[in-house]
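# Examining the three-dimensional arrangement
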Amino acid sequence: MILRAAWVLPVVGPPIRDGYVQVLGDRIVAVGPADMRSGPRPTVPNPQPPAPIPQSPAPGRRSAESVPFVDLGQAILTPGLVNPHAHLELTGYAGRLGPGSFWSWLPRLVELRREPGQIEREQDAVEAGAWDSLRAGVTCVGDISRRNLAWPVLKRLRIRKVCFVELLTLADHPPRDPDELRRAAAEVEEDALLSVGVSPHTPFTVPAEQVRGAIQLAAELRRPWCTHWAETREECAFLRGESAALPEYLRELMMQCGVRSPGQSPLDLLETCVAGANPGAVVHANYLEGGDAARLAAAGHVLVYCPRAHRFFGHAPHPYRAWQEAGVTVALGTDSAASNENLCLLEEARFVARQTPDPPPAETLLRMVTLDAARALRLADRVGSLEPGKQADVAAFPCSPTTDDPIGELVRRAPRPTHVWVAGRQVF
């Protein structure tokens, strides 16, 4: 299959005007500029002369003339967008909780989730959230499931996913300790589009030794991990020893479950918990200290910033630009539809460009929702850019016939895609 469009955005190189992406099976085999007279012209490093086309193609192979050619016209081809942080099961609570403090939002969310029919409601929400993502051009999602109930739903949907099993010691249901976490991770049936991940929830809902155990489990399984960290000022104060900084409704439960202040800064604690394991995704990190940036960069962690959720909870401006300047890889995520307007990653990029101080250039914002986001899920060798050998996760977005700035137009308009392919197969 050859996809041709007015613009192709490889992410790892400059935009290609009148370009194409050639797909064979589930992989990209060539990317480059098209030639009106001779058709697509591959531009791969040190290309080898093509093998002669046999007169009678071997079984299971096609002659060159039979390769499907799809002319998308005035469209921009991009890698499928990658959302490194979502809670799809919370899609069913979209619009039911208004903006405000995280600490007032949290107990209201817990109350909503306890309404009758939770399992069926949230599994339906997972499917709805996955389709909302696909319709926004998101072909890969890092999804966190509280009770490990999302993966059977996602398994039957053609979207690439890392299904993070969440450890939450304060919860009413498993996984609540590393042993339950291990058993839950073993239940997840991986396939070409589904892999398992591990997520210790936060350092105020999971004891430090169990956070460490979860991250070590991820290292043992050779799978990604992510965690919510330094999300609020109160959490950071608690970690440093001010136990009374957290709301009273949490403190008694924390004591019952053995969650106590470690008396460390957020990054000191994180380094203790990682203890030589693989780098992971540190979600939010709204209130890490300025001097932590170099250490975070050296450790190789990816910081996941969720801009519109950040605004929803009324946080101070995020220091992500300082992190980027220090060498930290920063990706954009959506968080949940219960703390956001929708699950559209391009709208996150547009929000950053329009409403945050000192926004990065559009090229950087595109990378933050593609290749850098794939790095957060340890999938950058498979997705996040249009390169020969990578998985054929591709999205086509409409564009103006006069545009000379396709990346800027994507970020300014945040259009919905006209076509989406996952592993070489068209989803819609």
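The rules behind the values
Residues numbered from 1 in each chain as written. Predicted model: local features only at pLDDT ≥ 70, side-chain atom pairs only at ≥ 80, totals over all residues. Heavy atoms only, no water. Helix = DSSP H or I, 4+ residues; strand = E, 2+ residues; numbered from the N terminus. Rg over C-alpha atoms; globule rule 2.2 N^0.38 Å. Contact = heavy atoms within 4.5 Å. Areas by Shrake-Rupley, 256 points an atom, 1.4 Å probe, with all protein chains shown as cover. Lys, Arg positive; Asp, Glu negative; His and termini not counted. Charge placed at Lys NZ, Arg CZ, Asp CG, Glu CD. Buried < 20%, exposed > 50% of the residue type's maximum accessible area, 1.4 Å probe, protein only. Polar contact = N/O pair within 3.5 Å; in protein donor to acceptor, adjacent residues only side chain to side chain. Core = buried A, V, L, I, M, F, W, Y, C linked by side-chain atoms within 4.5 Å. Salt bridge = Lys/Arg side-chain N within 4 Å of Asp/Glu carboxyl O. Disulfide = S-S within 2.5 Å. Pairing = 2+ DSSP bridges. Axes fitted to C-alpha atoms, helices over the stretch in contact; angles between N-to-C directions. Phe/Tyr/Trp six-rings, centres within 6.5 Å; stacked < 30°, edge-to-face > 60°. pLDDT = per-residue confidence, 0-100.

## Description of the overall build of the protein chain
Looking only at helices and strands, one finds 15 helices and 17 strands in the protein chain. The C-alpha atoms of the protein chain give a radius of gyration of 22 Å, which matches the 22 Å a tight globule of 428 residues would have. If one aligns the C-alpha atoms of the protein chain with their principal axes, the spans along those axes are about 75 × 45 × 40 Å. In the protein chain, of all internal contacts separated by at least 6 residues, the share reaching a separation of at least 24 is 70%. Of the roughly 17700 Å² of accessible surface on the protein chain, a fraction of 51% belongs to carbon and sulfur atoms. Mean positive and mean negative side-chain charge positions of the protein chain (45 and 49 charges, respectively) differ by 4 Å.

## Side note on the environment of lysine 161
Here lysine 161 is to be found in strand 9 (residues 160-167). Lysine 161 gets classed as buried once you look at its relative accessible area, which sits at 1%. Setting aside its immediate chain neighbours within four residues, lysine 161 contacts Val141, Leu154, Lys155, Leu193, Leu194 and Ser195. Only 2.8 Å separates the side chain of lysine 161 from the backbone oxygen of leucine 157, close enough to count as a polar contact.

## With respect to the nonpolar core
Among the nonpolar cores identified, the biggest contains 104 residues, and Trp105 and Leu154 are the most heavily contacted of them. Looking at which element gives the most residues to this core, the answer is helix 1 (residues 102-113), with six residues. Grouped together as the second largest cluster of nonpolar side chains are 19 residues, Val162, Ala374, Ala376 and Leu377 included.

## Some words on the side chain of glutamate 231
Structurally, the position occupied by glutamate 231 is in the loop between strand 11 (226-229) and helix 6 (233-239). The buried charged residue glutamate 231 lacks any salt bridge, with arginine 233 as its nearest oppositely charged partner at 13 Å. Non-local contacts of glutamate 231, meaning those with residues more than four positions away in its chain, are made with Phe102, His284, Asn286, Tyr287 and His315.

## Describing the pattern of salt bridges
Across all of its chains, the model carries 30 salt bridges by this definition. With its nearest N and O atoms 3.6 Å apart, the salt bridge here joins arginine 321 to aspartate 358. Pair noted here: arginine 321 is in helix 11 (residues 320-325) and aspartate 358 is in the loop between helix 12 (345-355) and helix 13 (362-368), with a separation of 37 residues, a long-range link. Aspartate 358 sits in the partly exposed class, given a relative accessible area of 48%. One network of salt bridges, in which partners are shared, links Arg308, Arg311, Glu341, Glu347, Glu348 and Arg416.

## Description of helix 15 (residues 406-413)
Counting buried residues in helix 15 gives six out of eight residues, a clear majority hidden from the surface. Considered for burial, the residues of helix 15 that qualify are Pro406, Ile407, Gly408, Glu409, Leu410 and Val411. For helix 15, the secondary structure elements touched by its buried residues are strand 1 (2-8), strand 6 (75-79), helix 12, helix 13 and strand 15 (394-398). Positive phi appears at alanine 414, one or two residues downstream of helix 15, with a value of about 45 degrees.

## Considerations on the state of the cysteines
For the structure on display, the rule yields zero disulfides. The thiol sulfur of cysteine 344 is not disulfide-bonded, and the nearest other cysteine sulfur, from cysteine 306, lies at 14 Å.

## Some thoughts on the sheet that holds strand 13 (residues 302-305)
In any sheet, the strands associate via hydrogen bonds between backbone groups, in a parallel or an antiparallel arrangement. Pairing within the open sheet is parallel, and its four strands lie in the order 11-12-13-14. Each of the sheet's edge strands pairs with one partner strand only, and the pair in question is strand 11 and strand 14 (329-332). Averaged over all neighbouring strand pairs, the angle between strand axes comes to 30 degrees, with direction disregarded. Relative to strand 13, strand 12 (residues 281-284) runs parallel, the two being bridged by three bridges.

## Here we look at the packing of aromatic side chains
In this structure the tally under the stated criterion is seven aromatic pairs. Between tyrosine 305 and tyrosine 320 the ring centres are 4.9 Å apart and the planes differ by 25 degrees, which places this aromatic pair in the stacked class. You can see tyrosine 305 sitting in strand 13 and its partner tyrosine 320 sitting in helix 11, a full 15 residues away along the chain. Accessibility expressed as a relative area gives 2% for tyrosine 320, which makes it buried.

## Examining unusual backbone geometry
Backbone torsion omega between proline 174 and proline 175 reads 0 degrees, so that peptide bond is classified as cis. One non-glycine residue, valine 11, lies in positive phi territory at about 80 degrees. In this fold, valine 11 is placed in the loop between strand 1 and strand 2 (16-24). One non-glycine residue, alanine 230, lies in the positive phi region at around 50 degrees. By the element assignment, alanine 230 lies in the loop between strand 11 and helix 6.

## Details of the side chain of glutamate 166
In this fold, glutamate 166 is placed in strand 9. The exposure class assigned to glutamate 166 is buried, which follows from its relative accessible area of 4%. Residues contacting glutamate 166, with those up to four places away along its chain left out, are His87, Ile144, Ser145, Arg146, Pro175, Leu181, Ser199, His201 and His228.

## What to know about the sheet that holds strand 9
A sheet is described by the order of its strands in space; here four strands give the open sequence 7-8-9-10, paired in parallel fashion. Of all strands in the sheet, those bounded by a partner on one side alone are strand 7 (81-86) and strand 10 (194-200). Within the sheet, the average angular offset between the axes of one strand and its neighbour, ignoring direction, is 15 degrees. Pairing geometry for strand 8 (residues 138-145) and strand 9, over six bridges, is parallel. Bridge pairing in strand 9 links valine 141 to lysine 161. Those strands touched by helix 5 (residues 208-221) are strand 9 and strand 10, and its axis lies near 160 degrees from that of strand 10.

## Some details on the confidence of the model for the protein chain
Mean pLDDT for the protein chain: 93, with 93% of residues reaching 70 or above. Here residues 42-64 scores under 50 on pLDDT; set against residues more than four positions off or in separate chains, the count is 14 contacts.

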